[in-house]
Amino acid sequence: MGIDIGKFLKNPEFEILITTFRDIFQVEALERDRFGEEYKKLSAIIIMSKNDLEKMGFKSGDHVKLANNYGSVVVEVKESKKNEPGGVGFMVNSPWSNALISGETDGKGIPEFKHIMVRISLSKEEITPIADIIQLTKKSQALF
Amino acid sequence: MFTCTGCALLCDDIEATVENNRIKETRNACRRGAARMKGCTNRLVSSIAQQPMDIESSIKKAAELLRNAKSPMVFGLDNSTSEAQAKGIQLARKINAIIDDTSSFCQGLLIEKILQKKLRTCFLDDIRNKADVLVYWGSDAQDSQPRHLSRFSYFPRGESRQRGYEEDRLAIAIDVRESNTAKICKGHFYRIPPRGDREFILALMEALSGKAPAYDTKNMLGLASILKKAEFGAIFVGIGLTYSIKNDFELLTGLADMLPKFNIMPMVGHYNMRGFNEALFKETGFVNRVKFEGKGVHDNKYAIIETLKNKSIDALVVVGSDPVLSLPSSVSSHLASIPVVCIDPCQTFTSRIATVTIPSAASGVESAGSAVRMDGKIIGLKKIIENNYLSDEEIIKRLMEAV
């Protein structure tokens, strides 16, 4: 039986800038049931250009870990259907993107919702459940 | 005809059929609006410490928590009627609370400039009837205010624009991504890099003043030429632009000064965010981030994000908002360590960590009132369904009496 060396190797990490956007289908799911699977499915994704996917060795449907000093989440990667030049990943505004945002605002009160630098790497983990993101739910964990 | 509370367009041409005391079908509403009007799967129930409780006890407990707080905050109200907002401001005044809303990290600064008359604006009806050049800047109306283009801006055959989008109107998108709105603006989509708005505005201003800017010279001169020829223009400012230029609104006012035929329209999400901003502005001279100490005092340290980060509040009343969902998780942890009172028609992430929850009627469906559209026009909200849920207004009134 051979040894799976792959499991001892850390997946390569890349840096990518994320900007957030709104998606009417995700907002509809939010209105209906923000705790539901549909909202999670439409929220926990990062959309990337074909160029970036090829460069980083990802394909649509892969799970990727996004991490920075403020948090870490696992989401699904999707190839953009549009002709994006690359260099920027797009996430719909949700708790999954909010997990990666700094609270620093230079005292101005507006976080950088649309300018998030992260490290991205392939992941075998499940999509991060909402309860894990909202860590402050310690006092009511069972309810999630 | 009913009014939709899905976004700040407040579409008042909605038809609805009711079955088993819920809205079964809607006509004319967009995807978001229909979902809002049909209501959520998980209604909020009255509770104390996450245990079901009668509503009177919940209100009494909420009042006790506020009485015992040294630095309470009232937050939200953007999804409440103007009547409830007035009561919310009254409550904040009575208990010397900080009051803030989602405009604090959304379009508040832009709306403040408009209310201060530092930016020229108009009604959406003027745009429908007269506008010939439309600029969607950092704004994907198709996904955020889905009937904007069809009811007010691009597609209608307005009084002076009978040939509609085919001949009489031109739509431009300036954005970091090819949004669904940008797709409609065929041939007039200007892609900018993230945070590239400042450079784009400066280059456009150069082009408008007859110089050849170094940045994307050909496109800038072309765009300047289109804008100069406009008879009645509108710039729809989305949060993409607002976030990018941050507090540097002089840039936008500078550009607006060079485009005297253009009006600025804030693209607002929550249906009555502008109503909240107008009400607080009228009372204190500020649109958000106010602490009542007799009179209303404004400071950026009263922005919800700063109060959570600095742990400077010791109780929070949230009305029709979900800060646990919408704020960075890195700052919202303070909410777990203070008493939170959540007033909402639906269960939210915030309600799941709240000390007291009070279910409210969904405004525009289960309670009536009025609201302020994104352009400042007052729109009436009707009650469609009869049930026992109390309106936000009534809940806040009772809370104020008990506090």
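Since this is a predicted model, take the numbers as computed values, not measurements. (Residues numbered from 1 in each chain as written. Chains lettered and ligands numbered in written order. Predicted model: local features only at pLDDT ≥ 70, side-chain atom pairs only at ≥ 80, totals over all residues.)

Colleague: Sorry if this is basic, but what is going on with helix 1 (residues 24-32) of chain A here?
Modeller: Residues lying three or four places apart along an α-helix face the same way, a consequence of the helix completing one turn every 3.6 residues. Turning to helix 1 of chain A, its buried residues are Gln26(A), Val27(A), Glu28(A), Ala29(A), Leu30(A) and Glu31(A). The elements touched by buried residues of helix 1 of chain A are helix 2 (37-43) and strand 5 (88-92) of chain A together with helix 1 (31-38) of chain B. (Buried ≥ 20, exposed ≤ 12 C-beta atoms within 10 Å, placed from the backbone. Helix = DSSP H or I, 4+ residues; strand = E, 2+ residues; numbered from the N terminus. Contact = placed C-beta atoms within 7 Å.)

Colleague: It is not clear to me how the interface of chain A and chain B should be interpreted in this structure. Could you clarify?
Modeller: When the parts of a complex come together, some accessible area is lost, and that lost area is often taken as the interface size. Tallying the contact residues gives 43 residues for chain A and 45 residues for chain B. Sorting the residues of the side of chain A that touches chain B by element identifies strand 1 (14-21), helix 1, strand 5 and helix 4 (95-98) of chain A as the ones contributing at least two each. In terms of residues, the side of chain A that touches chain B owes the most to one element, helix 1 of chain A, which gives five residues. Residue classes in the side of chain A that touches chain B are distributed as 19 nonpolar, twelve polar and twelve charged. (Nonpolar A, V, L, I, M, F, W, Y, C, P; charged D, E, K, R; others polar.)

Colleague: Teacher, can you tell me more about the domain arrangement of chain B here?
Modeller: Residues and elements named next belong to chain B. Split into domains, chain B comes out as domain 1 (41-104 + 271-402) and domain 2 (108-266). Just the C-alpha atoms count here: the centres of domain 1 and domain 2 sit 33 Å apart. Taken residue by residue, the interface counts twelve residues in domain 1 and nine residues in domain 2. For the side of domain 1 that touches domain 2, a count of residues per class yields three nonpolar, four polar and five charged. (Domains from an automatic or database assignment.)

Colleague: What am I meant to see in the environment of Ser321(B) here?
Modeller: Following the sequence through the fold, Ser321(B) ends up in the loop between strand 14 (315-319) and helix 16 (323-326). Once the C-alpha coordinates of Ser321(B) and Ser351(B) are considered, the two residues, 30 residues apart in sequence, prove to be 9.7 Å apart.

Colleague: Just to check I follow, could you spell out the pairing of strand 7 (residues 133-137) of chain B for this structure?
Modeller: Working note: regular strand, side chains alternate between the two faces of the sheet. Residues and elements named next belong to chain B. Along strand 7, five of the five residues are buried, which leaves the element largely enclosed by surrounding structure. Residues Val133, Val135 and Trp137 of strand 7 are buried on one face, and the alternating residues Leu134 and Tyr136, pointing to the opposite face, are buried as well. Across five bridges, the pairing between strand 7 and strand 8 (residues 170-175) is parallel. Looking at strand 8, one finds that tryptophan 137 is bridged to isoleucine 174. One ladder, built from five bridges, connects strand 7 with strand 10 (residues 233-237); its direction is parallel. (Pairing = 2+ DSSP bridges.)

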